[in-house]
Amino acid sequence: MLLSAVRTDVYAQVQHFYAHQMQALDGGRFADYAATFCEDGSFQHSPGAEPAVGREAIVDELVAFHRRFENDPVQRRHWFNHIALEEQPDGSLQSTVYALVVTVRPGGKPEIAPSCVVHDVLVVEGDAVHTRSRLVTHDQMF
Amino acid sequence: MLLSAVRTDVYAQVQHFYAHQMQALDGGRFADYAATFCEDGSFQHSPGAEPAVGREAIVDELVAFHRRFENDPVQRRHWFNHIALEEQPDGSLQSTVYALVVTVRPGGKPEIAPSCVVHDVLVVEGDAVHTRSRLVTHDQMF
Amino acid sequence: MLLSAVRTDVYAQVQHFYAHQMQALDGGRFADYAATFCEDGSFQHSPGAEPAVGREAIVDELVAFHRRFENDPVQRRHWFNHIALEEQPDGSLQSTVYALVVTVRPGGKPEIAPSCVVHDVLVVEGDAVHTRSRLVTHDQMF
């Protein structure tokens with residue numbers, strides 16, 4: 001069964017949620033990004049990594065990751081495509097999304113790598129969407 | 001007239017349809033992909049190719065195409081952008097969509113080519129969307 | 001506050017508006033593109049450029065820009081991602097969108113550059129969306 005019964009307004013809501021969430025990440029607003037997760041949400045940026053659990057841990061993880069770019073004026077942008085939702089028995093949404101990371105340095109051309117798949121569990125409550133868990137897999141590792 | 005009168009819920013429905021359809025294709029679930037077409041749907045992956053008509057023929061076409069990757073561990077992902085819909089007199093939707101093919105091999109960087117335009121006719125009936133016909137044109141051939 | 005209260009139907013409407021708007025631009029239908037702006041709309045394709053104000057000036061700007069490609073058979077496609085909307089006090093929408101320019105020449109592979117951010121103010125009135133102003137910033141200049 002390919003056609004998901006997820007409501008179309010929820011679909012648009014999730015798209016918009018991702019737009020704000022990822023612009024927060026790419027803008028270095030890590031507390032805003034972490035706030036898009038459930039309070040006990042988990043974030044695992046690659047299958048081998050230890051998941052960061054809770055908003056504070058997510059911020060810490062991002063600060064640590066971005067330390068390597070401290071003297072490297074880089075702009076990263078995470079592009080998403082083909083957000084496929086499946087409703088879970090508990091009412092949460094399993095969300096499977098293509099992702100490409102665009103990296104730009106001053107005067108340079110964008111590097112577009114890696115190609116990833118984002119595996120989220122999302123919780124929608126009224127107007128609010130939160131990520132309960134995020135695991136990112138990488139296409140070049142297979 | 002640039003603004004299409006297509007209903008916004010139908011627009012979200014079509015986006016979601018494409019997400020599941022193309023994840024089925026890229027995941028090698030060819031029967032699932034073929035099932036997103038009308039029973040007598042046609043699929044023409046380039047203007048010079050003979051269209052495959054009917055779900056069985058579409059599966060056969062995809063199996064034949066992917067045979068060339070049999071010993072080549074490659075992950076392909078079809079990205080879509082700017083889904084522009086126009087309602088046809090018979091109630092079907094003409095859908096014109098940008099597409100880029102992302103190809104990744106183990107340890108490699110994604111190659112992003114070719115750039116295409118997908119020309120679909122879609123049939124929406126209640127919760128169900130099906131592709132009645134698909135013709136893919138390629139930007140580097142012009 | 002990350003979650004925008006913009007209505008989900010308006011969100012889908014804006015996505016669809018952008019699809020038609022940018023396919024008009026990439027298709028060389030400059031009058032159609034200009035018609036997606038308010039009558040006194042302004043279009044600034046980079047921070048250093050003088051904005052073109054009004055539909056006639058926007059068409060003139062595009063004709064002048066594309067003159068450089070007159071003997072260069074090039075197909076450009078503007079991809080958008082992560083449309084983030086914020087409602088303004090006057091009811092207009094601030095729209096912040098990632099953009100990548102895909103450029104293809106006959107027989108070639110797509111070049112994907114530059115990476116930009118589109119900063120729009122949009123006016124939604126019933127079924128109609130118009131761009132009141134557009135400023136495009138470029139990621140490699142920072």
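Here, the structure is the one placed above.
J.: Help me understand the packing of helix α1 (residues 8–26) of chain A against helix α1 (residues 8–26) of chain C in this model?
T.: Geometrically, a packed helix pair is captured by the angle between its two axes and the distance between the axes. Two numbers describe how α1(A) lies on α1(C): the axes approach to 9 Å, and their chain directions differ by 70°. As far as their axial angle goes, α1(C) and α1(A) are roughly perpendicular. In this structure, α1(A) crosses over α1(C), and the sense of that crossing is left-handed. Each of D9(A), A12(A), Q13(A), Q15(A), H16(A) and A19(A) in α1(A) lies in contact with α1(C), whose residues at this interface are T8(C), Y11(C) and Q15(C).

J.: So what exactly am I meant to see when it comes to the pairing of strand β4 (residues 93–104) of chain A here?
T.: Successive side chains on a regular strand alternate, one facing one side of the sheet and the next facing the other. Residue and element names in this part refer to chain A. For β4, the buried fraction is high: 11 of the 12 residues fall into the buried class. As judged from the 11 bridges shared by strand β3 (residues 75–87) and β4, these two strands associate in the antiparallel manner. From the neighbouring strand, N81 faces β4, where its bridge partner is Y98. Two successive antiparallel strands, β3 and β4, enclose a turn made up of five residues, where G91 displays a positive phi of approximately 90°. Two elements, β4 and strand β5 (residues 111–125), share 10 bridges in a ladder whose sense is antiparallel. The partner of S95 across the bridge, within β5, is D120. Taking the residues between adjacent antiparallel strands as the criterion, β4 and β5 are bridged by six residues, where G107 takes a positive phi near 75°.

J.: What is the right way to look at the pairing of strand β1 (residues 37–44) of chain B in this model?
T.: Residue and element names in this part refer to chain B. Judged by how many residues are buried, β1 sits mostly within the fold: six of eight residues are covered. Note that β1 and strand β6 (residues 128–138) share four bridges and pair parallel. In the sheet register, Q44 faces β6, and the bridge partner there is L135. The pairing of β1 with strand β2 (residues 52–53) spans two bridges and is antiparallel. Considered in β2, the bridge of F43 is made with A52.

J.: Would you mind showing me how to read the interface of chain B and chain A here?
T.: It is common to give the size of an interface as the accessible area that goes away when the parts come together. Between chain B and chain A, the residue contacts involve 36 residues of the former and 29 residues of the latter. Across the chain B to chain A interface the summed buried area is about 2600 Å²; carbon plus sulfur atoms make up 66%. The interface formed by chain B and chain A contains two salt bridges. Here K109(B) and E111(A) are joined by a salt bridge, their closest N and O atoms 2.8 Å apart. Inspection of the region where chain B meets chain A yields 11 residue pairs in polar contact (both at pLDDT 80 or more).

J.: How should the relation of the copies chain B and chain A be read in this particular structure?
T.: Two copies of one chain are present, and they are related through a rotation about an axis combined with an axial shift. In the superposition of chain B on chain A (RMSD 0.0 Å, axial shift 0.0 Å), the rotation amounts to 120°. Given the turn and translation reported, the copies of this chain are related as if by a three-fold rotation axis. Across chain B, the rotation axis passes nearest the C-alpha of A12(B), at a separation of 3.7 Å.

J.: Any chance you could explain the pattern of salt bridges here in plain terms?
T.: When their charged atoms lie close together, side chains carrying opposite charge are able to pair. A full pass over the atoms with the stated rule returns 21 salt bridges over all chains. The salt bridge involving D90(B) is made with R132(B); its shortest N-O contact spans 3.2 Å. Of this pair, D90(B) sits in the loop between β3 (75–87) and β4 (93–104) while R132(B) sits in strand β6, placing them 42 residues apart in sequence. Residue D90(B) is classed as exposed on the basis of its relative accessible area of 53%. Here R29(C) and D32(C) are joined by a salt bridge, their closest N and O atoms 3.2 Å apart. Judged by relative accessible area, which is 37%, R29(C) ranks as partly exposed.

J.: Honestly, the interface of chain A and chain C in this entry has me stumped. Any pointers?
T.: Contact with chain A, which involves 36 residues of that partner, is made by 29 residues of chain C. Carbon and sulfur atoms make up 66% of the area that chain A and chain C hide from each other, which totals about 2600 Å². Contact with chain C buries surface across chain A, with H20(A), Q23(A) and W79(A) losing the most and accounting together for 27% of the total. Summed over the shared surface of chain A and chain C, the result is two salt bridges. A salt bridge links R77(A) to D139(C); the nearest nitrogen and oxygen atoms lie 2.6 Å apart. Counting across the interface, chain A meets chain C through 11 residue pairs in polar contact (both at pLDDT 80 or more).

J.: I would appreciate a short explanation of α1(A) in the present structure.
T.: An α-helical segment advances 3.6 residues per turn. Residues three or four places apart therefore align on the same side. Residue and element names in this part refer to chain A. Over its 19 residues, α1 runs 27 Å from end to end, which matches the ideal 27 Å to within 8%, given 1.5 Å per residue. With 17 of its 19 residues buried, α1 lies for the most part within the structure. Just beyond α1, the residue with positive phi is G28, at close to 75°.

So, how was this worked out
Residues numbered from 1 in each chain as written. Chains lettered and ligands numbered in written order. Predicted model: local features only at pLDDT ≥ 70, side-chain atom pairs only at ≥ 80, totals over all residues. Heavy atoms only, no water. Axes fitted to C-alpha atoms, helices over the stretch in contact; angles between N-to-C directions. Helix = DSSP H or I, 4+ residues; strand = E, 2+ residues; numbered from the N terminus. Parallel < 35°, antiparallel > 145°, perpendicular 65-115°, else oblique. Left-handed = near helix turned anticlockwise from the far one by under 90°. Contact = heavy atoms within 4.5 Å. Buried < 20%, exposed > 50% of the residue type's maximum accessible area, 1.4 Å probe, protein only. Pairing = 2+ DSSP bridges. Buried area = accessible area lost by both parts, 1.4 Å probe. Salt bridge = Lys/Arg side-chain N within 4 Å of Asp/Glu carboxyl O. Polar contact = N/O pair within 3.5 Å; in protein donor to acceptor, adjacent residues only side chain to side chain. Least-squares fit on C-alpha atoms with pLDDT ≥ 70 in both. Expected span 1.5 Å × (residues − 1).

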